[in-house]
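# Summary of structural features
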Amino acid sequence: MTAAFLEHVNFTVADPAKTARNLHNWFGWHTRWHGEAIHGGLSYHVGNDTSYVAIYALGTPKDGQDNSYATIGGLNHIGIVVDDLDATEAKIKADGIETFNHADYEPGRRFYFRDENGIEFEVVSYT
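Conventions and cut-offs
Residues numbered from 1 in each chain as written. Predicted model: local features only at pLDDT ≥ 70, side-chain atom pairs only at ≥ 80, totals over all residues. Heavy atoms only, no water. Helix = DSSP H or I, 4+ residues; strand = E, 2+ residues; numbered from the N terminus. Expected span 1.5 Å × (residues − 1). Buried < 20%, exposed > 50% of the residue type's maximum accessible area, 1.4 Å probe, protein only. Arc of directions from axis to C-beta. Polar contact = N/O pair within 3.5 Å; in protein donor to acceptor, adjacent residues only side chain to side chain. Core = buried A, V, L, I, M, F, W, Y, C linked by side-chain atoms within 4.5 Å. Contact = heavy atoms within 4.5 Å. Phe/Tyr/Trp six-rings, centres within 6.5 Å; stacked < 30°, edge-to-face > 60°. Pairing = 2+ DSSP bridges. Axes fitted to C-alpha atoms, helices over the stretch in contact; angles between N-to-C directions.

Let us look at helix α1 (residues 16-27). With twelve residues, α1 should cover 16 Å at 1.5 Å per step; its first-to-last C-alpha distance of 16 Å lies within 8% of that length. For α1, the full list of buried residues reads P16, T19, A20, N22, L23, W26 and F27. Taken around the axis of α1, the buried residues stretch over an arc of 160°, which confines them to a single face. Capping the start of α1 is the job of one residue whose side-chain oxygen sits 3.2 Å from the backbone nitrogen of A17: D15. Where α1 ends, the next residue or the one after it, G28, has phi of about 70°, a positive value.

Here's what the structure looks like:
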């Protein structure tokens, strides 16, 4: 069997630089690369040394109106593992973002939030 791991996901946002700053603040990530991208767009690769999210914008993106959970190929949420769930939630709330769907069950605790782009994140801690 061949070993595999998820290297990155790529999604469209309104302002890649702003989203990159948020990801730096919330998760302690860094920008691995940024620059011109496909179709004359702008992309930031933000994460750690082994994986990242590619955040992209082309001019003025359209607002998504579809429910991702009812759309084939829809992005439902991105799961992020953190060491300190409470400290991470405090950073997110400090930016005026509401968290929801808190759960404490094996094997860890978690909560969800939507960023300014409407992207849903699940934040979980197994510690």
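Past the structure itself, the notes keep going.
L23, F27, V46, I55, F113, F121 and V123 are the most contacted members of the largest nonpolar core, which has 22 residues in total. For this core, the secondary structure elements donating two or more residues are α1, β3 (41-47), β4 (52-57), β5 (78-81), α2 (85-94), β7 (108-114) and β8 (120-125). Leaving out residues up to four positions away in the same chain, V123 has contacts with F27, I80, V82, L85, T88, I92, R109, R110, F111 and F113.

Moving on: the packing of aromatic side chains. Applying the stated criterion across every chain, the model contains seven aromatic pairs. On the basis of an interplanar angle of 20° and a centroid distance of 6.1 Å, the ring pair of F100 and Y112 is categorised as stacked. Note that F100 is positioned in strand β6 (residues 99-105) and Y112 in strand β7, a separation of twelve residues in sequence. For F100, a relative accessible area of 30% translates into the label partly exposed. Owing to a relative accessible area of 11%, Y112 belongs among the buried residues under this scheme. Geometrically, the ring pair formed by F113 and F121 is stacked, given 5.0 Å between the ring centres and 5° between the ring planes. Among the residues examined, F113 registers a relative accessible area of 0% and is labelled buried.

Pairing is mixed across the open sheet formed by four strands, whose spatial order is β5-β8-β7-β6. On the outer flanks of this sheet lie β5 and β6, each paired with one strand and no other. In this sheet, neighbouring strand axes are inclined to one another by 20° on average, regardless of whether the strands run parallel or antiparallel. Of the pairings in the sheet, the one linking β5 to β8 comprises four bridges and is parallel in character. In the strand pairing of β8, I78 is matched with F121. Contacting β5, β7 and β8, α1 runs over the sheet at an angle of about 20° to β8. With respect to the sheet, α2 is in contact with β6, β7 and β8, its orientation differing from that of β7 by roughly 10°.

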